[in-house]
Amino acid sequence: MPTTIILYTYIFILGAVLGSFYNVVGMRIPLKQSIAYPGSACPVCSKKLTALELIPIFSYLFQNGKCKNCKTSISPLYPSIELVTAILFTISPMLVGWSKELILAWSLISLCMIVTVSDLKYMIIPDKVNLFFLVLFTVERVFIPADPWYDPIAGFLVGGLVPLVVILVSRGGMGGGDMKLLAVFGIILGWKLVLLCFFLATLVGTIVGFLGMMRGSVKKGKPFPFGPFLVVGALLSYFFGNELIHLYLSYFFSYFY
């Protein structure tokens, strides 16, 4: 038991550290900036952050969500991504087991976190990010094949074609970055789960958009980032998709028969 606790604690810390890095990637890649140089600094006063100011999650809490130098409020997006990444990394072995599949799970989570940051901040899903993970997922699928073997190919095609149809029919109802992202998701999810991902993303996005319109935070006809909803759909589909499909089919057939 102590060994297990230590192991999961290590994974949680690793996830938090990587979450901090994904913040940097999601913030800088859309601006065509280096993710390595310069070091992290306050975007308002430009003061370079010290090691104590870069501790994932805890630095935000210790500083009361403000820059230590100029007292400007820090976006809660930073610690949120760090915490969510840490949690998802930690629960992944519990959901997929200690197998090669864990590599796919952590890779998928990594893409999801970067996309969430970039889309929420700039409403952009960078092609560089999609291309990097397209190559990474393809290589991983070579060494960790799906069953059936052609499912990643079918998932990629379906993931790209479905939003393409939506874009053509709605004349811009989705962005090209969303289409490319869903196609990349398809390599990991396969064609059935990528369809479920799109359905769940649309469902959650519609509900959130409707509630936002009621509150006045979302304006009719004004675009809002869809990437985070695709992320929610992808993670739910990856970890629970087969169970959700089985539950739906069981309910559907029991209703008619």
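Structure first, text after, so check above.
About the cut-offs
- Residues numbered from 1 in each chain as written.
- Predicted model: local features only at pLDDT ≥ 70, side-chain atom pairs only at ≥ 80, totals over all residues.
- Heavy atoms only, no water.
- Axes fitted to C-alpha atoms, helices over the stretch in contact; angles between N-to-C directions.
- Helix = DSSP H or I, 4+ residues; strand = E, 2+ residues; numbered from the N terminus.
- Parallel < 35°, antiparallel > 145°, perpendicular 65-115°, else oblique.
- Contact = heavy atoms within 4.5 Å.
- Nonpolar A, V, L, I, M, F, W, Y, C, P; charged D, E, K, R; others polar.
- Core = buried A, V, L, I, M, F, W, Y, C linked by side-chain atoms within 4.5 Å.
- Buried < 20%, exposed > 50% of the residue type's maximum accessible area, 1.4 Å probe, protein only.
- Left-handed = near helix turned anticlockwise from the far one by under 90°.
- Salt bridge = Lys/Arg side-chain N within 4 Å of Asp/Glu carboxyl O.
- Phe/Tyr/Trp six-rings, centres within 6.5 Å; stacked < 30°, edge-to-face > 60°.

What follows covers the packing of helix H4 (residues 101–122) against helix H5 (residues 127–143). Two measures define how a pair of helices packs: the angle their axes make with one another and the distance between the axes. Two elements in contact, H4 and H5, have axes whose closest approach is 11 Å; the angle formed by their N-to-C orientations is 175°. Between H4 and H5, the angle is such that the two are roughly antiparallel. Every residue of H5 that contacts H4 at Ile103, Leu104, Ser107, Leu108, Ser110, Leu111 and Ile114 is listed here: Val129, Phe133, Leu136, Phe137, Glu140 and Arg141. Broken down by class, the residue content of the contact of H4 with H5 amounts to 9 nonpolar, 2 polar and 2 charged.

Let's shift gears to the nonpolar core. Buried together is how nonpolar side chains tend to be arranged in soluble globular proteins. Counting 49 residues, the largest nonpolar core has Leu108, Leu111, Phe137, Phe185, Leu189, Leu235 and Tyr238 as the members making the most contacts within it. Going through the elements one at a time, helix H1 (2–28), helix H3 (77–96), H4, H5, helix H7 (176–215) and helix H8 (227–256) are the ones with two or more residues in this core. Sorting elements by how many residues they give to this core places H7 first, with 15 residues. Residue contacts for Leu111: discarding those within four places in its chain leaves Val129, Phe133, Phe137, Leu181, Val184 and Phe185.

Axis separation between H5 and H7 bottoms out at 9 Å; the angle between their running directions is 15°. Relative to H7, the element H5 lies roughly parallel. Viewed along their axes, H5 and H7 form a crossing whose handedness is left-handed. Within the contact between the two elements, H5 uses Asp127, Asn130, Phe133, Leu134, Phe137, Thr138 and Arg141 and H7 uses Gly177, Lys180, Leu181, Val184, Ile187 and Ile188. By residue class, the composition of the contact of H5 with H7 is 7 nonpolar, 3 polar and 3 charged.

Turning our eyes to something else, we now look at the environment of Tyr150. With respect to the helices, strands and loops of the structure, Tyr150 is situated in the loop between H5 and helix H6 (151–170). Overall, Tyr150 belongs to the partly exposed group, its relative accessible area being 41%.

Moving on, we come to the pattern of salt bridges. Oppositely charged side chains may form a pair once their charged atoms are brought near each other. Counting across every chain of the model gives 2 salt bridges. The salt bridge involving Glu53 is made with Lys47; its shortest N-O contact spans 3.4 Å. The shortest N-O distance in the salt bridge between Lys180 and Asp127 comes to 2.9 Å. Of this pair, Lys180 sits in helix H7 while Asp127 sits in helix H5, placing them 53 residues apart in sequence. By relative accessible area, which is 46% here, Asp127 ends up partly exposed.

On to the packing of aromatic side chains, then. A full pass over the atoms with the stated rule returns 11 aromatic pairs. Consider the rings of Phe21 and Tyr22, whose centres lie 6.0 Å apart with planes at 55°: the pair is tilted. The exposure class assigned to Tyr22 is buried, which follows from its relative accessible area of 7%. Seen from their ring centres, Trp149 and Tyr150 are 5.7 Å apart, and the 85° between their planes marks the pair as edge-to-face. Each residue in the set Phe132, Phe133 and Phe137 is aromatic and connected to the rest through ring pairs, giving one cluster.

Following Tyr37, the chain continues into Pro38 via a peptide bond in cis, with omega recorded as -5°. Turning to its location among the elements, Pro38 is positioned in the loop between H1 and helix H2 (58–62). Although it is not a glycine, Ser46 adopts a positive phi angle of roughly 65°. Examined against the element boundaries, Ser46 turns out to sit in the loop between H1 and H2. Even without glycine at this site, Ile57 takes up a positive phi of about 70°. Tracing the sequence through the fold places Ile57 in the loop between H1 and H2. On the basis of relative accessible area, Ile57 is assigned to the buried category, the value being 12%.

All we've got here are geometric facts, nothing functional implied.
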